[in-house]
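Per-entry structural report
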Amino acid sequence: MTSDKDSDEQPQLTVDMGEQPTEALGESADEKADLVYALNDRPPWYLCILLGFQHYILAFGGIIAVPLILAEPLCIQHNNAAKSQLISTMFFVSGICTLLQTTVGTRLPILQGGTFSFITPTLAILALPKWQCTAPKGPVILSMQLHNNTSPLQMENKDDMWMSRMREIQGAILVSSLLQVVLGFSGLVGFVLKYIGPLAIAPTINLIGLSLFIEAGKKSGGHWGIAALTVCLILLFSQYLSKVDVPLIAYKDKKWKVFQYPLFKLFSALLGMCLSWLVCFLLTVFDVLPSKSDQYGFSARTDISLDAVSDSPWFRVPYPGQWGLPTFSVSSILGMMAGVLASTMESIGDYYACARLAGAPPPPTHAINRGIAVEGIGCMLAGLWGTGNGTTSYSQNIAALGITKVGSRLVIQATGLLMIILGIFGKFGAVFITIPDPVIGGMFLVMFGMIAAVGISNLQYVDLNSSRNLLILGFSTFSGLVLPTWFHSNPGIIDTGIKELDQIIIVLFTTHMFIGGFFGFILDNTIPGTDKERGLKYWQEEAKEAGAHTCDVSCYDIPCCSWILKRCRCLQYLPFLPSYRTTH
């Protein structure tokens, strides 16, 4: 979201280089004029590529963060080849899911990428005794220090070790994502939303960020100076210099023109990480950082994982089942469902925000249902390909729509194609492995803090002067921190005599956001309170506004076959099709 001042100051790059856009659907005259390109507009191809790459850069931090977080619990923290393959697979699948969502899903310009909602249950699953990493001994340690020059037998054992863990996560994501598909195609999303309010959503999303503080601390602890530098640079570009536009030169109509571009606002994370990366490179070149792995600051060197780039193939096409056939267990599936529900709640809010910024009317019921179902299908594809994660809507890219004033669907589809193409280049994914851990840690400090803040922001419509609401919020959040910590500190405390039941209890009660969301949901729906006090009045008004919207919503229609769908009366009862008719 941007301020009024930002809305008036449009980046002149897109105004000068593009064609005149058509009118935005369902918006006032002032709002139409504010957009350079609305949802159905088609910018020139070169502008689609430029803006698509910009969206790609905005999302790359969140996309590469997921494989880097999962590297240690998957036991591949020393296996650079495996990490680069995971990153390439994540980009590839995110591109496919983006094209699906923008073509047959909500058809809004929403980028799809790895979700942090799935990380907490994944970490809980991999923390089970049978999946914990075994410490390497003897020649294995030596081989790791020699840039992973292991024998074929050792490499085979290492691959089998982490792939078995990945197959377990794949199976959990595949089955749990069916819940999202069912919620969407059956139309249950609207029904469930009646009982899920801000007091259930806030602790759920808040605990996603808070529960990852250990991961941020591990990465940053390699060199706190570099981590602090990364944080300061990101804050400098994203906040202190956000209003500063950089003059750039473009050639158009046989003339050189100067335009103002919000470079710092759009590329704050990228600039901050690259400058810190450059500092680490210079410190490595001049041998300022220690060269022994047991000394503090060694992890800030940029030459630790250079072999990842040289050993990676130029081209590698990820494919389903590349790590083997997925395995399934009830405990893992139930634990992962908490991540599915959290991702679903977050995406619904993103749909409304994206429609507003893209110049489209509020999404109708059938578009929301179809969007959630397609997200579930995207998560299943992520499970088949083996990203170790699912996919969800990226809020930071939605915010970029308001900054660039370009809400064209075609731009995000160009981003999806770029992600697929770059995901095939093996060396491209391997480059990110060379980013020093303290730089990644600094980015985590900002990113995870923002996730926690997004959860808190859901409380803006709740009466925080109510002791009822404070009790629910405080208890659900605090319990989400206490119970998982206690279970981790007392391994083996659960012994029902049934191994599968023990695993289910452990996974669920060591998943922070499940506990927070569960208590928030139960207490909010059982303790008496008015809709205004609970913050539900705003949600109801938003739904009524969407339902009563009489403007053209054809932008949400499925392409090529809408006229067929509207002629078949039997299809009017399917809640995910444009022909769906609700009864009032």
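None of the values given here were measured: they were computed from a predicted structure.

Per the secondary structure count, the chain includes 27 helices and four strands. For the chain, with 584 residues in total, the buried portion stands at 54%. For the chain, restricting intrachain contacts to residue pairs at least 6 apart in sequence, the fraction spanning at least 24 positions comes to 82%. Surface summary for the chain: the accessible area is close to 25800 Å², and the carbon and sulfur share equals 66%.

Quick look at unusual backbone geometry now. In this model, R107 sits at a positive phi of 65°, which is unusual for a non-glycine residue. Mapped onto the fold, R107 is located in the loop between α5 (80–103) and β1 (112–114).

Now for the pattern of salt bridges. Counted according to the given criterion, the structure contains six salt bridges. K219 serves as the salt-bridge partner of D437, at 3.6 Å between the closest nitrogen and oxygen. Placement of D437 in helix α21 (residues 437–457) and of K219 in helix α11 (residues 213–220) is noted, with a sequence separation of 218 residues between them. Residue class for D437 comes out partly exposed when judged on its relative accessible area of 33%.

It is worth spelling out the packing of helix α10 (residues 198–210) against helix α24 (residues 512–526) at this point. Where α10 meets α24, the axes come as close as 8 Å, and the angle between the chain directions of the two elements is 170°. Judged on the interaxial angle alone, α24 and α10 are roughly antiparallel. Of α24, the residues touching α10 (which contributes L199, A200, P203, T204, L207 and I208) are H512, M513, G516, G517, G520, F521 and D524. By residue class, the composition of the contact of α10 with α24 is seven nonpolar, five polar and one charged.

This brings us to the confidence of the model for the chain. Chain-level pLDDT for the chain is 78 on average; 82% of the residues reach the 70-or-more range. Residue range residues 1–33 is modelled with pLDDT below 50. Its contacts to residues more than four positions away, or to other chains, number 67 contacts. Counted against residues more than four places away or in other chains, residues 137–156, with its pLDDT under 50, gives 20 contacts.

The subject of this paragraph is helix α12 (residues 224–240). The periodicity of an α-helix, 3.6 residues per turn, causes residues three or four positions apart to be oriented the same way. With 17 residues, α12 should reach 24 Å at 1.5 Å per residue; the first-to-last C-alpha distance of 22 Å fits that figure. Listed in full, the buried residues belonging to α12 are I226, A227, T230, V231, L233, I234 and F237. Looking straight down α12, one finds that the buried residues subtend no more than 165° of arc, so they occupy a single side. Facing away from the buried side of α12 by more than 90 degrees, the exposed set consists of C232, Q239 and Y240.

In this section: the packing of aromatic side chains. For the coordinates displayed, the defined rule picks out ten aromatic pairs. Arranged with centres 6.2 Å apart and planes meeting at 40°, the rings of F92 and W385 form a pair that is tilted. Of this pair, F92 sits in helix α5 while W385 sits in helix α17 (residues 365–385), and the two are 293 residues apart along the sequence. F92 gets classed as buried once you look at its relative accessible area, which sits at 9%. A connected cluster of aromatic rings, assembled from ring pairs, spans F475, F514, F518 and F519.

All right, on to a nonpolar patch on the surface then. A cluster of nonpolar side chains, namely V182, L188, F191, V192, Y195, F518, F521 and I522, defines an oily patch on the protein surface of about 660 Å² accessible area. Elements supplying a minimum of two residues to the nonpolar patch: α9 (188–193) and α24. Tracing the backbone shows I522 in helix α24. According to the relative accessible area criterion, I522 is partly exposed, its value standing at 33%.

So, on to the environment of L401. Inspection of the secondary structure assignment puts L401 in helix α18 (residues 395–404). Between the alpha carbons of L401 and R356 there is a distance of 9.8 Å; along the sequence they are 45 residues apart. Apart from the residues within four sequence positions on either side, L401 is in contact with H55, P109, C354, L357, V406 and G407.

Looking at the secondary structure, you find Q112 in strand β1. On the basis of relative accessibility, which here comes to 1%, the residue Q112 falls in the buried class. Only 3.4 Å separates the side chain of Q112 from the side chain of S393, close enough to count as a polar contact. In contact with Q112, not counting residues within four places along its chain, are S94, C97, T98, Q101, E375, T391, T392, S393 and M419.

Turning to the packing of helix α14 (residues 268–285) against α21, a few remarks are in order. Look at α14 against α21: their axes get within 9 Å of each other, and the N-to-C directions meet at 155°. The angle between α14 and α21 places the two elements in the roughly antiparallel class. Read as a crossing pair, α14 and α21 show a hand that is right-handed. For the pair α14 and α21, contact is made by M273, S276, W277 and C280 and by V439, I440 and M443, respectively.

In this section: α5. Look at α5: 35 Å from first C-alpha to last across 24 residues, which is about the 34 Å you get at 1.5 Å a residue. Taking burial as the measure, the 24 residues of α5 include 18 buried ones, the bulk of the element.

This brings us to the side chain of T102. Counting through the fold element by element, T102 comes out in helix α5. Among the polar contacts listed, one links the side chain of T102 to the backbone oxygen of T98, at a separation of 2.8 Å. Setting aside residues up to four positions removed in sequence, T102 forms contacts with R107, L108, P109, I110, R409, I412 and Q413.

With that settled, consider the nonpolar core. Within the largest apolar cluster, 75 residues are counted, with the highest numbers of intra-cluster contacts made by F91, F116, F444 and F448. Here this core gets eleven residues from one element, more than from any other, and that element is helix α4 (residues 45–70). Counting residues in each nonpolar core, the second largest holds 21 residues, with L39, Y351, A353 and L401 among its members.

Turning our eyes to something else, we now look at the environment of K83. Tracing the chain through its elements places K83 in helix α5. Each C-alpha atom, one on K83 and one on I433, is 7.2 Å from the other, the two residues being 350 residues apart in sequence. If we ignore the near neighbours within four places in the chain, the residues touching K83 are A71, I76, Q77 and I433.

Rules of the game
Sequence order as written defines the numbering, with residues in each chain counted from 1. Selection of residues for local features in this predicted model requires a pLDDT of at least 70, selection of side-chain atom pairs for listing and counting requires 80 or more, and totals for whole chains, interfaces and linings are taken over all residues. To obtain the side-chain values, all non-hydrogen atoms of the structure were used and water was disregarded. Numbering of helices and strands runs from the N terminus, with a helix taken as a DSSP run of H or I at least four residues long and a strand as a DSSP run of E at least two residues long. For each residue, the accessible area found with a 1.4 Å probe, counting protein chains only, is set against the maximum for its type, and the residue is called buried under 20%, exposed over 50%, and partly exposed in between. Contacts were defined at the residue level, with two residues in contact if any of their heavy atoms lie within 4.5 Å. Surface accessibility follows the Shrake-Rupley procedure with a 1.4 Å probe radius. Residue values consider only the protein chains on display as shielding. In what follows, salt bridge is the name for a side-chain nitrogen of Lys or Arg lying within 4 Å of a carboxyl oxygen of Asp or Glu. Between N-to-C directions, angles span 0 to 180 degrees; the directions come from axes that are lines fitted to C-alpha atoms, helices contributing only their stretch in contact. Angular relationships are summarised with four words: roughly parallel below 35 degrees, roughly antiparallel beyond 145, roughly perpendicular across 65 to 115, and oblique for the angles in between. Gly counts as polar in this scheme, as do all residues outside two lists: the nonpolar Ala, Val, Leu, Ile, Met, Phe, Trp, Tyr, Cys and Pro, and the charged Asp, Glu, Lys and Arg. A residue's pLDDT is simply how confident the predictor is in it, with values from 0 to 100. Helix span is expected to be 1.5 Å times the residue number reduced by one. Our arc is simply the arc of the directions from the helix axis toward the C-beta atoms. Put simply, two rings from Phe, Tyr or Trp (the six-membered ring, in Trp's case) pair if the centres are within 6.5 Å, and we call them stacked under 30 degrees between planes, edge-to-face over 60, tilted for the rest. Patch membership needs two things, relative accessible area over 30% and no salt bridge, and members are linked within 9 Å if like-charged or within 5 Å if nonpolar (Val, Leu, Ile, Met, Phe, Trp, Tyr). Residues adjacent in sequence count toward polar contacts only when both atoms are side-chain atoms; beyond that, a polar contact is any pair of N or O atoms within 3.5 Å, and within protein one must be able to donate a hydrogen and the other to accept it. Here a crossing is taken to be left-handed if its near helix is turned anticlockwise relative to the far helix by less than a right angle, and right-handed if that turn runs clockwise. Remark: nonpolar core denotes a set of buried residues (Ala, Val, Leu, Ile, Met, Phe, Trp, Tyr, Cys) joined through side-chain atoms within 4.5 Å.

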